Amino acid sequence: MGMKTYFSKRIYKHTLPESTVASLGRTLRVFNQAKHYSFSTMMKEERSKQTRRGEDSLHVYVKKKFSLNDYYANSAVQEAGALIKSQKELTTLYLQNKQAQIIAVQKRMKTIKTKITSLRKLKASFVKGTPQIPGNLRIIKNITTFLPFTIKKKPRFTTTSTTLNIVMSRWNSTISQAGLDVCKANSTD
């Protein structure tokens, strides 16, 4: 098994002559200016639907204006075009995301309005003196904490205690399925 060695081809500024560093800095600065100009020109022309540079293409115009060679001028125009294209794609993505957020907020508002309506009905029934809990009100877990009295079911007929216990257990199970805890009635009552 042999050992492989890789050498770095990285260029450090302090190892280059000052004239080369200055030339690279100027080239990068002019390239970024050309890219910015290309982007703003493309956006202005797209919005106004008119060209402002005459018969020349944007590539030739940037090449003349910034005194760049074909490689840098073409790169600046291509990068500006890619930036515009990616921004358009992101805009549709942002719109889809915001529409999903709007739908989620509307659903949440609907559930809150339903709860408010149920609570208003509950309040109105207490004001009238006949407490009635709406079926869609799930926030009340234990009714005995809200009511100062206990609710007991009165049997419709008098019968033995075992039949009464069966009726009361069925009634309590239907109440507990609705999400309410009710005090159990004594079988001696």
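The notes below deal with the structure included here. Not measured: the values here are computed from a predicted model. (Residues numbered from 1 in each chain as written. Predicted model: local features only at pLDDT ≥ 70, side-chain atom pairs only at ≥ 80, totals over all residues. Heavy atoms only, no water.)

Within the chain, the secondary structure is distributed over four helices and zero strands. When its helices and strands are written in sequence order, the chain yields α-α-α-α. Buried positions account for 17% of the 189 residues belonging to the chain. Taking contacts inside the chain between residues at least 6 apart in sequence as the whole, the part at least 24 apart equals 49%. In the form shown here, the chain has an accessible surface area of approximately 15,700 Å², with 57% of it arising from carbon and sulfur atoms. (Helix = DSSP H or I, 4+ residues; strand = E, 2+ residues; numbered from the N terminus. Buried < 20%, exposed > 50% of the residue type's maximum accessible area, 1.4 Å probe, protein only. Contact = heavy atoms within 4.5 Å. Areas by Shrake-Rupley, 256 points an atom, 1.4 Å probe, with all protein chains shown as cover.)

Once the charged atoms of two side chains with opposite charge are near each other, the side chains can pair. Applying the stated criterion across every chain, the model contains four salt bridges. Linking Glu46 and Lys88 is a salt bridge whose minimum nitrogen-to-oxygen distance equals 3.0 Å. One end of the pair, Glu46, is in helix α1 (residues 18–48); the other, Lys88, is in helix α3 (residues 70–128), with 42 residues separating them in the sequence. For Asp70, the salt bridge goes to Lys63, with nearest N and O atoms at 2.8 Å. Judged by relative accessible area, which is 31%, Lys63 ranks as partly exposed. (Salt bridge = Lys/Arg side-chain N within 4 Å of Asp/Glu carboxyl O.)

α3 packs onto α1 with a crossing angle of 50° between their chain directions and a minimal axis gap of 8 Å. With respect to each other, α1 and α3 are oriented oblique. Note on packing geometry: the crossing formed by α1 with α3 is right-handed. Along the contact surface, α1 presents Thr27, Phe31, Ala34, Lys35, Ser38, Phe39, Met42, Met43 and Glu46, while α3 presents Tyr72, Ser75, Ala76, Val77, Glu79, Ala80, Gly81, Leu83, Ile84 and Lys88. When the residues that make up the contact of α1 with α3 are grouped by side-chain class, the tally is eleven nonpolar, four polar and four charged. (Axes fitted to C-alpha atoms, helices over the stretch in contact; angles between N-to-C directions. Parallel < 35°, antiparallel > 145°, perpendicular 65-115°, else oblique. Left-handed = near helix turned anticlockwise from the far one by under 90°. Nonpolar A, V, L, I, M, F, W, Y, C, P; charged D, E, K, R; others polar.)

Position of Thr27 among the secondary structure elements: in helix α1. Polar side-chain contacts of Thr27 include one of 2.8 Å to the backbone oxygen of Ser23. (Polar contact = N/O pair within 3.5 Å; in protein donor to acceptor, adjacent residues only side chain to side chain.)

With that settled, the discussion passes to α3. An ideal rise of 1.5 Å per residue puts 87 Å on 59 residues; α3 measures up with 86 Å between its terminal C-alpha atoms. If you check which residues of α3 are buried, you get Ala73, Ala76, Val77, Ala80, Ile84, Ser118, Leu122 and Ser125. Buried residues belonging to α3 abut α1 and α2 (58–66). At the exit of α3 stands Gly129, carrying a positive phi of roughly 95°. (Expected span 1.5 Å × (residues − 1).)

Together, Leu90, Leu93 and Tyr94 give the surface a local cluster of nonpolar side chains, amounting to about 300 Å² of exposed area. With respect to the helices and strands, the residue Leu90 is situated in helix α3. (Patch = residues over 30% accessible without salt bridge, like charges linked within 9 Å, V, L, I, M, F, W, Y side chains within 5 Å.)

Counting residues in hydrophobic clusters, the biggest one holds ten residues: Val30, Phe31, Ala34, Leu58, Val62, Phe66, Leu68, Ala73, Ala76 and Val77. Looking at this core, the elements with two or more residues in it are α1, α2 and α3. Leave out the neighbours within four places in its chain, and Val77 touches Ser38, Met42, Leu58, His59 and Val62. (Core = buried A, V, L, I, M, F, W, Y, C linked by side-chain atoms within 4.5 Å.)

Turning to the packing of aromatic side chains, a few remarks are in order. Aromatic ring pairs are reported here in terms of the distance separating the ring centres and the angle at which the planes meet. Under the definition given, this model contains four aromatic pairs. Plain terms: the ring middles of Tyr37 and Phe66 are 5.8 Å apart, the flat faces sit at 65° to each other, and that makes the pair edge-to-face. Taken together, the positions of Tyr37 in helix α1 and Phe66 in helix α2 put the pair 29 residues apart, joining distant regions of the chain. On the basis of relative accessibility, which here comes to 15%, the residue Phe66 falls in the buried class. Considering the side-chain rings of Tyr71 and Tyr72, the 5.5 Å spacing of their centres and the 75° angle between planes classify their relative orientation as edge-to-face. Exposure remark for Tyr72: the relative accessible area of 30% places this residue in the partly exposed category. Three or more aromatic residues link up through ring pairs in this structure, and these residues are Phe31, Tyr71 and Tyr72. (Phe/Tyr/Trp six-rings, centres within 6.5 Å; stacked < 30°, edge-to-face > 60°.)

Interpretation note: all reported values are geometric properties and have no functional meaning in isolation.
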